[in-house]
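Listed below, chain by chain, are the residues.
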Amino acid sequence: SGRNSGGYKGKNNFRSPQRRNEGEGDEEGGLPFKKSKFTKVVRVPENEADGEITLASLKDEGIIDNMLYKSIDRMGFPALTPVQQKTIKPILATTNDVIARAKTGTGKTLAFLIPMFEHLLANRTDSQYMVKCVVVAPTRDLALQIDSEIQKIHKNNYGLQKFKSVCLIGGTNFDSSIKKMFKERPNIIVATPGRLQDVMSKFSDKFFKFVDFKILDEADRLLEIGFKQDLENISSQLNSINEKGPEHIRTLLFSATLDDRVQELANDIMNREECLFLDTVDKNEPEAHEKIDQHLVISEKFAHNLYAPIEEIKSQLAENENLKAILFVPTVKFAKFFCRSLEQILPDFPILEFHGKIEQRRRTRIVQEFKRAKRGLLVSTDVGARGMDFPNIDEVFQIGVPSELANYIHRI
């Protein structure tokens, strides 16, 4: 990443990471690192005594470039989130592969975009017209949202627009994407696994021979959906064509959970001799956000599950005509049926239907519309639960119990 591998620059020195032997567990966190690559573990919460890390302190210590500082500062964030404080500095202070355990909705997108842009700035004259960073996301909607964050970074500092980005996702025109690739010559690709494999199968030599970074967002979700083989294929192909050798490609893997499947994936796709583990989830911290007020309503019959949220929405609308809420439902058919019902019952209240059977262009429009909306109800399957950032939501309703605990956490 163009940084010294021994430690941080400046006064807040990087604490020497604790080493674990193969098969040994991390006693404090209870996380067993069973594979041989997981020998270098950083318990990041232990370093909190080093003081608060701010965007300005990262700039002053030479961790991030002034150009990047200006862009992020203009985006108007009051402070770095705890996840950003615990990950950006270790990622940029070392050249290791990284696993970061981080919850959804904690600011982790910028936690990998800031190091990515810093790397591009530090290596701006190297392979200027080739893809240097590949970001892989589990869903099209999350990929588009990551790409929109990149566009915000571009927008807030003209000098960063030279690092162009292209989003490659299914449900969009393949030929148009390729034309854009040839026209823009992007340094950054944000993609879903299927479309990325399609593009690489035909144009890997044209664009992907000089990749420095690959970043996996929501790695646990990627595995849940069944992308393990695709991710291994992508990693293998990137390794085989890299002009500087497979060990040159650095991997950042972000995941809300760190089960055996995630560890196995990390071992299969990481190339460096050592891997840093950055745990941003305190062991005493509850899974759900503490500031979210949660209620469980148990109904006697399933029909009551349909009736109760409608009555609750009507009741809240009587007090607040600008109610903005999300209603999660279990299936696509359920979403379609319930939207038709709500449109008849609440004809003056905007109802937006959102699920995986809606074609991608329309889904993208729905996301943008709901983000801008001051009032309305998004009726969604779990495709809208992970990584989506909808501002000013008053209430999240759920009909039925989600299939997995993780889905409940992501929904709220």
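Residues numbered from 1 in each chain as written. Predicted model: local features only at pLDDT ≥ 70, side-chain atom pairs only at ≥ 80, totals over all residues. Heavy atoms only, no water.

Colleague: I'd love a proper account of the overall build of the protein, names of residues and values included.
Modeller: Counting its regular elements, the protein contains 14 helices and 15 strands. Put simply, the protein has 412 residues, and 52% of those count as buried. The long-range fraction of contacts in the protein, counting pairs at least 24 apart against all pairs at least 6 apart in sequence, stands at 76%. Summing over all exposed atoms, the protein offers an accessible surface of approximately 19,200 Å²; the carbon and sulfur share of this is 47%. (Helix = DSSP H or I, 4+ residues; strand = E, 2+ residues; numbered from the N terminus. Buried < 20%, exposed > 50% of the residue type's maximum accessible area, 1.4 Å probe, protein only. Contact = heavy atoms within 4.5 Å. Areas by Shrake-Rupley, 256 points an atom, 1.4 Å probe, with all protein chains shown as cover.)

Colleague: Account for the environment of Gln 85, naming residues and giving values.
Modeller: Within the fold, Gln 85 resides in helix α3 (residues 82-93). Given a relative accessible area of 18%, Gln 85 falls into the buried group. Aside from chain neighbours lying at most four places away, what touches Gln 85 is Glu 52, Ile 53 and Leu 80.

Colleague: I'd love a proper account of the packing of aromatic side chains, names of residues and values included.
Modeller: Under the criterion given, the structure shown has nine aromatic pairs. Ring centres of Phe 207 and Phe 208 lie 6.5 Å apart, and the angle between their planes is 80°; on these two criteria the pair is classed as edge-to-face. Ring geometry for Phe 334 and Phe 338: centres 5.9 Å apart, planes at 45°, overall tilted. Note that Phe 334 and Phe 338 are positioned in helix α12 (residues 332-345) at a spacing of four residues, about one turn of the helix. Overall, Phe 338 belongs to the buried group, its relative accessible area being 1%. Three or more aromatic residues joined by ring pairs make a cluster, and in this case those are Phe 182, Phe 203, Phe 207 and Phe 208. Residue placement shows Lys 59 over the ring face of Tyr 69; its charged tip is 4.5 Å from the ring centre. (Phe/Tyr/Trp six-rings, centres within 6.5 Å; stacked < 30°, edge-to-face > 60°. Lys NZ or Arg CZ within 6 Å of the ring centre and 35° of its normal.)

Colleague: Give me the lowdown on helix α7 (residues 193-207), citing residues and values where you can.
Modeller: In an α-helix, one turn spans 3.6 residues, which is why side chains three or four residues apart end up on the same side. Taking 1.5 Å of rise per residue, 15 residues should cover 21 Å, yet α7 covers just 16 Å from first to last C-alpha, more than 12% shy of that figure. The sharpest bend along α7 reaches about 65° and sits at Ser 201. What α7 keeps buried is the set Pro 193, Arg 195, Leu 196, Val 199, Met 200, Phe 203, Ser 204 and Phe 207. (Expected span 1.5 Å × (residues − 1). Bend = angle between axes of the 7 residues up to and from the residue.)

Colleague: Hey, could you go over the sheet that holds strand β15 (residues 395-398) for me, with residue numbers and the actual values?
Modeller: One open sheet holds the four strands; their spatial order is β13-β14-β12-β15, and the pairing between them is parallel. Lying at the two open borders of the sheet, with one neighbouring strand each, are β13 (351-354) and β15. With direction set aside, neighbouring strand axes in the sheet form an average angle of 20°. Looking at chain direction, strand β12 (residues 324-328) and strand β14 (residues 376-380) are connected through five bridges and run parallel. (Pairing = 2+ DSSP bridges. Axes fitted to C-alpha atoms, helices over the stretch in contact; angles between N-to-C directions.)

Colleague: Help me get a handle on the environment of Leu 113, residues and values and all.
Modeller: Structurally, Leu 113 is set in helix α4 (residues 108-122). Considered as a pair, Leu 113 and Ile 215 are 102 residues apart in the sequence and their alpha carbons are 9.5 Å apart. In this structure, Leu 113 is in contact with Ile 146, Glu 149, Ile 150 and Ile 153, ignoring residues within four places of it in sequence.

Colleague: Give a detailed account of helix α5 (residues 140-155), specifying residues and quantitative values.
Modeller: Here α5 is 16 residues long and its end C-alpha atoms lie 22 Å apart, about the 22 Å a rise of 1.5 Å per residue gives. Of the residues making up α5, those classed as buried are Asp 141, Leu 142, Ala 143, Gln 145, Ile 146, Asp 147, Glu 149, Ile 150, Ile 153 and His 154.

Colleague: Could you give an account of the nonpolar core, with specific residues and numbers?
Modeller: Formed by 46 residues in total, the largest nonpolar core has its most connected members in Ile 64, Leu 68, Met 116, Phe 117, Ile 146 and Ile 153. In terms of residue count, the dominant contributor to this core is α4 (nine residues). Residues contacting Ile 153, with those up to four places away along its chain left out, are Leu 68, Ser 71, Ile 72, Met 75, Leu 110, Leu 113, Phe 117 and Leu 160. With 36 residues, the next largest nonpolar core counts Ile 189, Phe 207, Phe 208 and Ala 219 among its residues. (Core = buried A, V, L, I, M, F, W, Y, C linked by side-chain atoms within 4.5 Å.)

Colleague: Explain unusual backbone geometry to me, using residue names and the numbers behind them.
Modeller: Here Glu 218, not a glycine, exhibits a phi torsion of approximately 55°, which is positive. Mapped onto the elements, Glu 218 comes out in the loop between β9 (213-216) and α8 (219-225). Exposure remark for Glu 218: the relative accessible area of 1% places this residue in the buried category. Non-glycine residue Asn 392 carries a positive phi angle of around 60°. Position of Asn 392 among the secondary structure elements: in the loop between β14 and β15.

Colleague: Outline the side chain of Arg 250, listing residues and values.
Modeller: Mapped onto the secondary structure, Arg 250 falls in strand β10 (residues 250-255). One buried charged residue, Arg 250, remains without a salt bridge, the closest side chain of opposite sign being Asp 97 at 5.4 Å. Among the polar contacts made by the side chain of Arg 250, one reaches the main-chain carbonyl oxygen of Thr 94 at a distance of 3.1 Å. Side-chain polar atoms of Arg 250 contact the backbone oxygen of Asn 96, separated by 2.4 Å. (Lys, Arg positive; Asp, Glu negative; His and termini not counted. Salt bridge = Lys/Arg side-chain N within 4 Å of Asp/Glu carboxyl O. Polar contact = N/O pair within 3.5 Å; in protein donor to acceptor, adjacent residues only side chain to side chain.)

Colleague: Outline the pairing of strand β7 (residues 165-168), supporting the account with residue identities and numerical values.
Modeller: For a regular strand, side chains alternate in direction, first toward one face of the sheet and then toward the other. Here β7 shows a buried face lined by Ser 165 and Cys 167 and a second buried face lined by Val 166 and Leu 168. Bridge analysis of β7 against strand β8 (residues 188-191) gives four bridges, and the strand direction is parallel. Counted as the bridge partner of Ser 165 is Ile 188 from β8. Traced from β7 through helix α6 (residues 174-184) to β8, the parallel crossover comes out right-handed. (Right-handed = clockwise from strand over helix to strand, strands pointing away.)

Colleague: Just give me the short version of the packing of α7 against helix α9 (residues 228-241), but keep the residues and values in it.
Modeller: Contact geometry of α7 with α9 gives a least axis separation of 10 Å together with a crossing angle of 25°. By the criterion of interaxial angle, the relationship of α7 to α9 is roughly parallel. Once α7 is placed against α9, the crossing between them reads as left-handed. Judged by residue contacts, Pro 193, Leu 196, Gln 197, Met 200, Ser 201, Ser 204 and Asp 205 of α7 engage Asp 230, Leu 231, Asn 233, Ile 234, Gln 237, Leu 238 and Ile 241 from α9. The class makeup of the residues in the contact of α7 with α9 is seven nonpolar, five polar and two charged. (Parallel < 35°, antiparallel > 145°, perpendicular 65-115°, else oblique. Left-handed = near helix turned anticlockwise from the far one by under 90°. Nonpolar A, V, L, I, M, F, W, Y, C, P; charged D, E, K, R; others polar.)

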